[in-house]
Structures are given as C-alpha cells and as structure tokens.
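The lines below spell out each chain.
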Amino acid sequence: MSPRRSITVTPSALRIARIALALMWVILGSGVLTPVTVSALTVSRSDGSWSDAGPDTPTCLRYINSPSTYDENIVAYGRYWSPLYYDWYCPGTANPNLQSALGFLGQSSLTFSPSQPFLLGGITHYNNVIDASSPLQHVQLTIDLRFRDPLDLTASFPFTLRLDDTADDGDCEYGMTTGQNCNDRVWFEDTVSNQSFRIGGTDYVLEILGFQASATYNPNNPPVNTFNTREDHHDSANIFARMIPAEPGIAVDKTASPTSGLIGDTIVYTYDV
C-alpha cells in the first residue's frame, strides 16, 4: 500500500475544481470522449502454441509448434514401448500416436460480440500408455487471435493448462477406463488472461469458459473447466471463450478530516491508493 498523503484544499481550489467538473460534464454530454462501442469482432484465425512444460523437464519432452496457423500444435512426453528394441524408447520428435500428448487446433472465421461465447478451438489428449520418471503436470498454452476486424490486430493470451496423468493402479479418482487403467484429467489453472488488448477505447481480456463436447455453445449445458480422458484413447473437446472488459487495477479510497465545514474552513483529504 502506498503511504498516506495529506492534501489541504483551499476555497479557491474548490471553486476551480467545481468549474473543471462542470466543463467535464459538458464535454461528456457532447459525446467527444465517449468510447467507441464495439458491436462485433471478426477473427480470421485462432492458434495456440505450447511452452514451459513442468514442473521439472518431463521425460522425453517434445514440441511441435508449426508456423502455420492451420494445423495442430503438439506437446508430447514419455517413452513408449518398442517391440523392436523390446524396451521403452524415446522418439526423436513429438509423436502423439506413441507418447502422452496434448494437441490444440484453432478455428477460422470467427465473428462474435464482446462478452459473447465463441468456439476458440479444439483440444485432444492423446492418452497413450507411456513410461516417464518425470511427468508433465502443467504447460503454457499461448492463444493467438488474428483479427480481421479491427484490421491487422493480433493479440496473445498465455494460459496454464494442467494435466493429471494418473497412475493406472485401480485407484481411479476420475473414473476407470478398463481393468486397472484410470482416466486422466485436463483443466485450465487460470481462466482469465493476464494480458489485454484495446479496441474502441476499451481494454479486453480473454476468458476461458471451459470444455464442451458439442461445437455449438449450449447455455443450458454450459462448458466446464475439467476434461476427463480415457487411458489408451484419443479424446477431444471443444474450448469456448469470450472477450470481456478488463477490470480496473487501481482502487482509490478518499477520506476527509473533518468530514464537514463552513466556507473558509480547512479540510484535509487523505487518499489511499
């Protein structure tokens, strides 16, 4: 918290403040400082890239972050069983058909209004049987939105995605697939981005609403922020999001001493920021 500051306000200063306030109301009433209302946003493409998997470096960690915005980007880890070598083997490149992997595939031609839910993209958990001494428990997924209207605007939003790759011991917190095999879980650790962008004089952030099976938003069965996946399966879900106004980051508390007085009296105002 900032130190408390005492400010003495004289009667002449109060008169000047009243005049300035009256002028400000006139300007606001004229519409000169009124923010531009954004009715719709158009995104040519959403994309997502992976980075910073942890907490330690996962076993056989591999990334595929293609420059193209029209293919799936992959983060994969773990050794797979190789009948050829009769041992657990670490592939040279990310292989979602052999490793445990997460894939993000973006969407094209999105049009939505601020605060309106929209389909951000799809995620797949390639839940293959692996061997790993160091598991992947979290990874950063950075969402890039390339806007067509407003033209040539690109905004990036980093999120942390968590993965609980459970031990297949029959003690299954998220349900059982078959035999001793347990389901795993994927979820967003943070659902509101810490990055914002400005359109029409308003700062917006991206809010993740969650996962949903259908590609059509259903308000009666809204998305949830957990996605359970079956062992030895490739399960997919749709991610819905929305753009919302950023909340102000500064709060100011004003107090007066004394709380009232006559003309000519000295009043001390204290501001806590």
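Let us look at the structure shown here. (Residues numbered from 1 in each chain as written. Predicted model: local features only at pLDDT ≥ 70, side-chain atom pairs only at ≥ 80, totals over all residues. Heavy atoms only, no water.)

1. Considering the sheet that holds strand β3 (residues 62–64)
Okay, step 1: Within the open sheet, the 7 strands sit side by side as β3-β4-β7-β9-β16-β14-β13. Their pairing is antiparallel. Looking at the sheet topology across the chains shown, the edges are occupied by β3 and β13 (192–199). Strand after strand, the sheet turns through a mean of 25° between neighbouring axes, direction not considered.
Okay, step 2: Of the strand pairs in this sheet, strand β9 (residues 118–127) and strand β16 (residues 233–245) are connected by 9 bridges, and their pairing is antiparallel. Residue pairing across strands places Y126 opposite H234, the latter belonging to β16. (Pairing = 2+ DSSP bridges. Helix = DSSP H or I, 4+ residues; strand = E, 2+ residues; numbered from the N terminus. Axes fitted to C-alpha atoms, helices over the stretch in contact; angles between N-to-C directions.)

2. Some remarks on the side chain of H125
Okay, step 1: Relative to the helices and strands, H125 is located in strand β9.
Okay, step 2: A polar contact is formed between the side chain of H125 and the side chain of T229, at a distance of 2.7 Å.
Okay, step 3: Those residues in contact with H125 that lie beyond four places of it in its chain are S100, A101, L102, L163, D184, V186, F227, T229, H233, H234 and D235. (Polar contact = N/O pair within 3.5 Å; in protein donor to acceptor, adjacent residues only side chain to side chain. Contact = heavy atoms within 4.5 Å.)

3. Structural notes on the sheet that holds strand β15 (residues 227–229)
Okay, step 1: Pairing is antiparallel across the open sheet formed by 6 strands, whose spatial order is β8-β2-β10-β11-β12-β15. Both edges of this open sheet fall to β8 (108–112) and β15, since each of them pairs with a single strand only. Direction aside, the axes of adjacent strands within the sheet are offset by 35° on average.
Okay, step 2: Both strand β11 (residues 153–164) and strand β12 (residues 184–188) contribute to a ladder of 4 bridges, which runs antiparallel. Looking at β12, one finds that L161 is bridged to F188.

4. Focus: the layout of surface pockets
Okay, step 1: Its volume calculated, the second largest pocket comes out at about 160 Å³.
Okay, step 2: Across the lining of the second largest pocket, the residue classes break down as 5 nonpolar, 3 polar and 4 charged. (1 Å grid on protein atoms, 1.4 Å probe; cavity = no way out; pocket = protein on both sides within 12 Å on 5 of 7 lines; lining within 4 Å. Points joined across faces, edges and corners; volume = space filled by probe spheres on them. Nonpolar A, V, L, I, M, F, W, Y, C, P; charged D, E, K, R; others polar.)

Shape descriptors only; they carry no functional weight alone.
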